[in-house]
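Overview (structure and organization)
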Amino acid sequence: MLQYEFMQKAFFVGLLLSIIVPCIGSFIVLKRLSMLGDALSHASLSGVAFGLLLAWNPLVGAFLACVIAGLGTEYLRKKIPQYSEISIAVITSLGVGFAGVLSSFIKNATSFHSFLFGSIVAISTLEVIMITCVSVLVLFLFLFFYKELFYIAFDEEGARVAGVPVNRINLLVAIITAITVSIASRTVGALMISSFMVLPMAAAMQVARSYKTTILFAIFYAVCLTLLGLTLSYYYGLKPGGTIVLLSVGIFFCNVIWKSVIGSSSFFNIFQ
């Protein structure tokens, strides 16, 4: 299958996303914001529809919509901190509403539907370049602010007292999460990306014994699941995004069962 250029691009992009998505997912999960990816993915659909209507590259529309949605979510979280989950519901509803209305004006719905469940085998060379640049940027920012992200994820108030610029870091995370979701919506699928962002991390939490190893396990799972998902989708004619997500669910339940069998305290040893 690697003799075909479209499969070479698919594997290359899949590997890039398998590295950066779990990195972002680690912070999102530990901050109890697992549904943030879902909100941004729905916002990306409205951006895709808007881009198609204006004859733009849909990824550009998804990128702009996700960034606006990410900033909007962070703004609402500050305004109603005691009910911060409402911000996610508001942005999700807004994204779904706009996507539904704008999609009715799209004459060729095939392009729009490809973003629902992903079309990693149909990405262009330009999109590969865009995804590569964004992946390098996201990975650099994650590694550069690794300690700050770790501190904020577990104790935001303590980080604030210690002098960590919590508001600016949270804003940065919202932006890079939005960027990651926007580029992944084309490959994994807008309806799938939130699952792919959470499930490898959730599976890794069952077996890893520290924050760092949890991230490494999550990346390892994501890479393996992406390679296996693309291979199965090629030989059996399956949707790559849905296949990868179902495999992610499978590895999560396998790890849950494994943890219950061995009785390990695993991830929670980080607090000791």
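Conventions adopted
Residues numbered from 1 in each chain as written. Predicted model: local features only at pLDDT ≥ 70, side-chain atom pairs only at ≥ 80, totals over all residues. Heavy atoms only, no water. Helix = DSSP H or I, 4+ residues; strand = E, 2+ residues; numbered from the N terminus. Buried < 20%, exposed > 50% of the residue type's maximum accessible area, 1.4 Å probe, protein only. Contact = heavy atoms within 4.5 Å. Areas by Shrake-Rupley, 256 points an atom, 1.4 Å probe, with all protein chains shown as cover. Core = buried A, V, L, I, M, F, W, Y, C linked by side-chain atoms within 4.5 Å. Salt bridge = Lys/Arg side-chain N within 4 Å of Asp/Glu carboxyl O. Arc of directions from axis to C-beta. Phe/Tyr/Trp six-rings, centres within 6.5 Å; stacked < 30°, edge-to-face > 60°. Axes fitted to C-alpha atoms, helices over the stretch in contact; angles between N-to-C directions. Parallel < 35°, antiparallel > 145°, perpendicular 65-115°, else oblique. Left-handed = near helix turned anticlockwise from the far one by under 90°. Nonpolar A, V, L, I, M, F, W, Y, C, P; charged D, E, K, R; others polar. pLDDT = per-residue confidence, 0-100. Expected span 1.5 Å × (residues − 1).

1. Digging into the overall build of the protein chain
- Check the secondary structure of the protein chain and you find 12 helices and zero strands.
- When the helices and strands of the protein chain are read in sequence order from the N terminus, they spell out α-α-α-α-α-α-α-α-α-α-α-α.
- For the protein chain, buried positions account for 51% of its 272 residues.
- For the protein chain, long-range pairs separated by at least 24 residues make up 75% of all intrachain contacts whose partners lie at least 6 apart in sequence.
- Taken as a whole, the protein chain presents about 12,700 Å² of accessible surface, with 71% of it coming from carbon and sulfur.

2. Section: the nonpolar core
- Formed by 63 residues in total, the largest nonpolar core has its most connected members in Leu17, Val21, Ile28 and Ile152.
- Here the element with the most residues in this core is helix α1 (residues 5-30); it accounts for 11 residues.
- When residues no more than four places from it in sequence are discounted, the contact partners of leucine 17 are Pro22, Ile131, Ile183, Ala184, Thr187 and Phe196.

3. Focus: the pattern of salt bridges
- Applying the stated criterion to the full structure yields two salt bridges.
- The partner of lysine 9 in a salt bridge is glutamate 5, and the shortest N-O contact between them spans 3.7 Å. Of the two residues, lysine 9 and glutamate 5 both sit in helix α1, four residues apart, roughly one turn of that helix.
- Its relative accessible area of 51% is what places glutamate 5 among the exposed residues.
- In this structure, glutamate 157 and arginine 160 form a salt bridge, with 3.9 Å as the shortest nitrogen-oxygen distance. Placement of the pair is glutamate 157 and arginine 160 together in helix α8 (residues 156-161), with a separation of three residues, close to one helical turn.
- Judged by its relative accessible area of 34%, arginine 160 falls in the partly exposed class.

4. Some details on helix α7 (residues 146-154)
- Those residues of α7 not exposed but buried are Leu149, Ile152 and Ala153. With its buried residues spanning 100° around the axis, α7 presents them on a single face.

5. Comments concerning the packing of aromatic side chains
- Scanning the entire structure with this criterion turns up 13 aromatic pairs.
- Between phenylalanine 144 and phenylalanine 145 the ring centres are 5.0 Å apart and the planes differ by 80°, which places this aromatic pair in the edge-to-face class.
- Using a relative accessible area of 56% as the deciding quantity, one classes phenylalanine 144 as exposed.
- Connected via pairs of aromatic rings, a cluster forms that spans Phe142, Tyr146, Phe150, Phe154 and Tyr211.

6. Quick word on the environment of glycine 241
- For glycine 241, the position within the fold is in helix α12 (residues 240-262).
- The buried category is assigned to glycine 241, whose relative accessible area is 0%.
- The sequence separation of glycine 241 and isoleucine 193 amounts to 48 residues, and the corresponding C-alpha distance is 8.3 Å.

7. A word on the packing of helix α11 (residues 211-236) against α12
- Their axes nearest at 8 Å, the elements α11 and α12 cross at an angle of 135°. Relative to α12, the element α11 is oriented oblique. α11 and α12 meet at a crossing whose hand is right-handed. For the pair formed by α11 and α12, the contact residues are Tyr221, Leu225, Thr226, Leu228, Gly229, Leu230, Leu232 and Ser233 on the first element and Pro240, Thr243, Ile244, Leu247, Ser248, Ile251 and Asn255 on the second.
- Class assignment for the residues of the contact of α11 with α12 results in nine nonpolar, six polar and no charged.

8. Some words on the environment of methionine 197
- By secondary structure assignment, the location of methionine 197 is in helix α10 (residues 193-204).
- In this structure the C-alpha to C-alpha distance between methionine 197 and cysteine 23, which are 174 residues apart in sequence, comes to 8.6 Å.
- Apart from the residues within four sequence positions on either side, methionine 197 is in contact with Val21, Ile24, Gly25, Ile28, Gly37, Thr177 and Val181.

9. Side note on the confidence of the model for the protein chain
- Scored by pLDDT, the protein chain has a mean of 81; 89% of the residues are at 70 or more.
- Here helix α5 (residues 109-117) stands out as the least confident element of the protein chain, with mean pLDDT 64; α11 is the most confident, with 91.
- Note that pLDDT drops below 50 for residues 264-272; the model gives that stretch 23 contacts with residues more than four away or on any other chain.

10. Description of α1
- The end-to-end C-alpha separation of α1 is 38 Å, in line with the 38 Å expected for 26 residues at 1.5 Å each.
- Within α1, 20 of the 26 residues are buried, which leaves it mostly tucked inside the rest of the structure.
- The positive-phi residue at the C-terminal boundary of α1 is arginine 32, with phi of around 60°.

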